[in-house]
Amino acid sequence: MRILLVNIPHPAIGSRIPREQLPPLGLLAAGGPLIDDGHTVELIDGEFGPMPLSELVAQIVARAPDAILFGHSGSSSAQPIIRHVAARAAAALPRATIVYGGVHPTYFWREILRDEPHVHAIVRGEGEETARRLMRAIADGQPLDTIPGIAFRRDGVPFGTPPAPVITDLDAYRVGWELIDHRRYSYWGGKRAVVIQFSRGCPHLCNYCGQRGFWTRWRHRDPVLLAKEIARLHRDHGVEVFNFADENPSAGRKPWRAFLEALIGEQVSVTLVGSTRADDIVRDADILHLYKQAGFERFLLGMENTDEATLKLIRKGGSTTADREAIRLLRRHGILSMATWVAGFDDETNASMWRGLRQIISYDPDQIQALYVTPHRWTPFYRIARDRPVIQPDATKWDYKHPVLGVAGMAPWRLFLWVKAIEAIAQLRPRALLRWAWHPDPKIRHAIRWYYRMGRRVWLHEMIGFLFRDRYRADGRTVADHFGDTQDHEEEASKPARRVRRAAA
């Protein structure tokens, strides 16, 4: 089969501003096994430009594939764009099979199959094995209901097969790196870059996160094989920066240390950036020198909020003490810390925002990423927020960088200005500017200055968007009114489709 993988231009601010693109790892991960199965596979990456939707559709039609596979790199905020592009492509190519995969369609397969007749099938959960089984069945004209982990229409009604087994050997499926031109992708200030993955899932139970539900359990790749892959990409394709897609790659100390030591043994000079928990940094205080030797230059620490009561609400499982110590330890080893800070919880007040600002400054992170709490159907937090009012009904804005929920004691404009003020004060305080002006490590100095350049553009873009483009309104509808009941991944196959039939009626 001729299979076309499509990465749509994502509307998120972070995707548009840096003028640097990272390759779509999810589509490449599905593409490798499909190539190995003998299919002719090609990728269109609409992020470059970004590509106008009319041109993206024209390129899809020009290739006349047998199957078009869309992936969700941006969760719910990408769905309206994929719906539009897929519908237009289907109208021009009625014989092509259109397939969705990713987090959003995994949890919204009933609604998508009900409302979008151009969609033929949905891959739910991990896609490598499921996509190759689905393409084999379509190519051979075999029935689909024997394939676990998919959804399609059976007798005109949305039908989901049982969940696919968890992939226990992540190294059994290779990434289709040959689908991209490495020269086109950059990050970290113009350096050739890719996204890499050591592990999937997370052993923790934070209720705002969908890692546990989607991936079901924490697993990791072979540490030595991943180190060799990084070294090969660096030597053969000149890749300098490796951005880890993992939420918690260091969850297992033993395999994580084995990876660090294996990569150090490869003797390649690369830049690694990733996310982890502050608790893991504190746990690994005695081996942080290995982090630095392997090439790590920055860790995003998922602190989410500096208020202990809020941390308890979202079941973070960490503490402000560990957060502060992790930042101190990273700085001592010459690794940048980026603290995420989330606003928009229902009990937000001027006093809580002021307290958050003071605590962020006391943490003294090198960088801050302020986000807005965004309830997604695949997270336990959705149940907590299901009755909260929605002030931003445009799903393309549900990208964590726009306020989407009403706060009982604070108007949207006040919450927004607080967040922008906190970002500016945290990044422009004298201690932070001193690090920007001078740092003994030239690689870290480059990283700091690149982030300030990018952050300045994002900050101004968000201000202009809020004042002149975005429209916020509360129409009385809640989260549940907009997105329906929660759906856990384990429940997907067992729920009957009659609710969708009632809704359609």
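Residues numbered from 1 in each chain as written. Predicted model: local features only at pLDDT ≥ 70, side-chain atom pairs only at ≥ 80, totals over all residues. Heavy atoms only, no water.

Counting secondary structure elements, the protein contains 21 helices and 16 strands. Per-residue burial for the protein yields a buried fraction of 58% across its 505 residues. Counting every atom, the protein has about 20,700 Å² of accessible surface; 54% of that belongs to carbon and sulfur. (Helix = DSSP H or I, 4+ residues; strand = E, 2+ residues; numbered from the N terminus. Buried < 20%, exposed > 50% of the residue type's maximum accessible area, 1.4 Å probe, protein only. Areas by Shrake-Rupley, 256 points an atom, 1.4 Å probe, with all protein chains shown as cover.)

Reading across from one edge, 2-1-3-4-5-6-7 is the order of the seven strands in this open sheet, with mixed pairing throughout. Whereas interior strands pair on both sides, the edge strands pair on one side only; in this sheet they are strand 2 (40-45) and strand 7 (157-160). On average, each strand axis in the sheet is inclined to that of its neighbour by 25 degrees, with strand direction left out of account. With three bridges connecting them, strand 5 (residues 121-123) and strand 6 (residues 150-154) associate as antiparallel partners. Within strand 6, the position partnered with Val-123 by the bridge is Ile-150. (Pairing = 2+ DSSP bridges. Axes fitted to C-alpha atoms, helices over the stretch in contact; angles between N-to-C directions.)

According to the stated counting rule, one finds 42 salt bridges in the structure shown. When the shortest N-O distance is used, the salt bridge between Arg-331 and Asp-366 registers 3.0 Å. One end of the pair, Arg-331, is in helix 14 (residues 320-332); the other, Asp-366, is in the loop between helix 15 (350-363) and strand 16 (367-372), and 35 residues separate them in sequence. With a relative accessible area of 11%, Asp-366 lands in the buried category. Linked by salt bridges that have partners in common, Arg-331, Asp-364, Asp-366, Arg-429, Arg-431 and Arg-435 make up one network. (Salt bridge = Lys/Arg side-chain N within 4 Å of Asp/Glu carboxyl O.)

Glancing now at the packing of helix 3 (residues 53-63) against helix 4 (residues 79-92). Orientation of helix 3 relative to helix 4, taken along the N-to-C sense of each, is 40 degrees, at an axis distance of 10 Å. The orientation of helix 3 with respect to helix 4, classified from their angle, is oblique. Note on packing geometry: the crossing formed by helix 3 with helix 4 is right-handed. Here helix 3 contributes Leu-53, Ser-54, Leu-56, Val-57, Ile-60 and Val-61 to the contact with helix 4, which in turn contributes Ile-81, His-84, Val-85, Arg-88, Ala-89 and Ala-92. For the contact of helix 3 with helix 4, the class distribution of residues is nine nonpolar, two polar and one charged. (Parallel < 35°, antiparallel > 145°, perpendicular 65-115°, else oblique. Left-handed = near helix turned anticlockwise from the far one by under 90°. Contact = heavy atoms within 4.5 Å. Nonpolar A, V, L, I, M, F, W, Y, C, P; charged D, E, K, R; others polar.)

Within the largest apolar cluster, 64 residues are counted, with the highest numbers of intra-cluster contacts made by Phe-244, Phe-259 and Tyr-291. In this structure, Tyr-291 is in contact with Ser-250, Trp-256, Leu-260, Asp-280, Ile-281, Asp-284, Phe-296, Phe-299 and Ile-335, ignoring residues within four places of it in sequence. Counting residues in each nonpolar core, the second largest holds 46 residues, with Ile-68, Ile-122, Val-342 and Phe-345 among its members. (Core = buried A, V, L, I, M, F, W, Y, C linked by side-chain atoms within 4.5 Å.)

Two elements in contact, helix 15 and helix 17 (residues 412-428), have axes separated by 10 Å at closest approach and are oriented at 15 degrees. Accordingly, the angle class assigned to the pair helix 15 and helix 17 is roughly parallel. Taken as a pair, helix 15 and helix 17 cross one another with a handedness that is right-handed. Residue-level inspection shows Asn-350, Met-353, Trp-354, Leu-357, Ile-360 and Ile-361 of helix 15 in contact with helix 17, the latter providing Arg-414, Leu-415, Trp-418, Val-419, Ile-422, Ile-425 and Ala-426.

Looking now at the packing of aromatic side chains. Throughout the structure, instances matching the rule amount to 23 aromatic pairs. Where Tyr-187 meets Trp-188, the ring centres are 5.9 Å apart and the plane angle is 40 degrees; that geometry is what we call tilted. On the basis of an interplanar angle of 80 degrees and a centroid distance of 6.1 Å, the ring pair of Phe-244 and Trp-256 is categorised as edge-to-face. Pair noted here: Phe-244 is in strand 12 (residues 241-244) and Trp-256 is in helix 10 (residues 253-266), with a separation of twelve residues, a long-range link. Like Trp-256, Phe-244 is buried. (Phe/Tyr/Trp six-rings, centres within 6.5 Å; stacked < 30°, edge-to-face > 60°.)

With that out of the way, let us pick up helix 10. In a regular helix each residue adds 1.5 Å, so 14 residues correspond to 20 Å; helix 10 covers 20 Å between its end C-alpha atoms and thus fits that length. Among the residues making up helix 10, those that are buried are Pro-255, Trp-256, Phe-259, Leu-260, Ala-262, Leu-263 and Glu-266. Summarising the axial view, the buried residues of helix 10 lie within an arc of 165 degrees, below the 170-degree limit, and thus occupy one face. Every exposed residue of helix 10 that faces more than 90 degrees away from the buried side is listed here: Lys-254 and Gly-265. Where the residues of helix 10 are buried, they touch strand 11 (219-220), helix 9 (223-237), strand 12, strand 13 (271-276), helix 12 (288-294) and strand 14 (296-301). One or two positions beyond helix 10, positive phi appears at Gln-267, with a value near 55 degrees. (Expected span 1.5 Å × (residues − 1). Arc of directions from axis to C-beta.)

A separate point is the side chain of Arg-435. Locating Arg-435 in the fold gives a position in helix 18 (residues 430-437). Here Asp-364 takes part through its side chain, which lies 2.5 Å from a polar atom of the side chain of Arg-435. Sequence-distant contacts of Arg-435, defined by excluding residues within four places in its chain, comprise Arg-331, Asp-364, Pro-365, Asp-366, Arg-429 and Ile-448. (Polar contact = N/O pair within 3.5 Å; in protein donor to acceptor, adjacent residues only side chain to side chain.)

This part is about the confidence of the model for the protein. Summarising the model, the protein shows a mean pLDDT of 90, and 90% of its residues fall at 70 or more. Ignoring residues within four places in sequence, the model shows residues 489-505, a span with pLDDT below 50, making 33 contacts including any to other chains. (pLDDT = per-residue confidence, 0-100.)

With that out of the way, let us pick up the pairing of strand 14. Of all six residues in strand 14, six are buried; the element is thus mostly enclosed. One ladder, built from five bridges, connects strand 13 with strand 14; its direction is parallel. By the bridge assignment for strand 14, Val-273 is matched with Arg-298. Here strand 14 pairs with strand 15 (residues 336-343) via four bridges, running parallel. Bridging across to strand 15, Leu-301 finds its partner in Ala-339.

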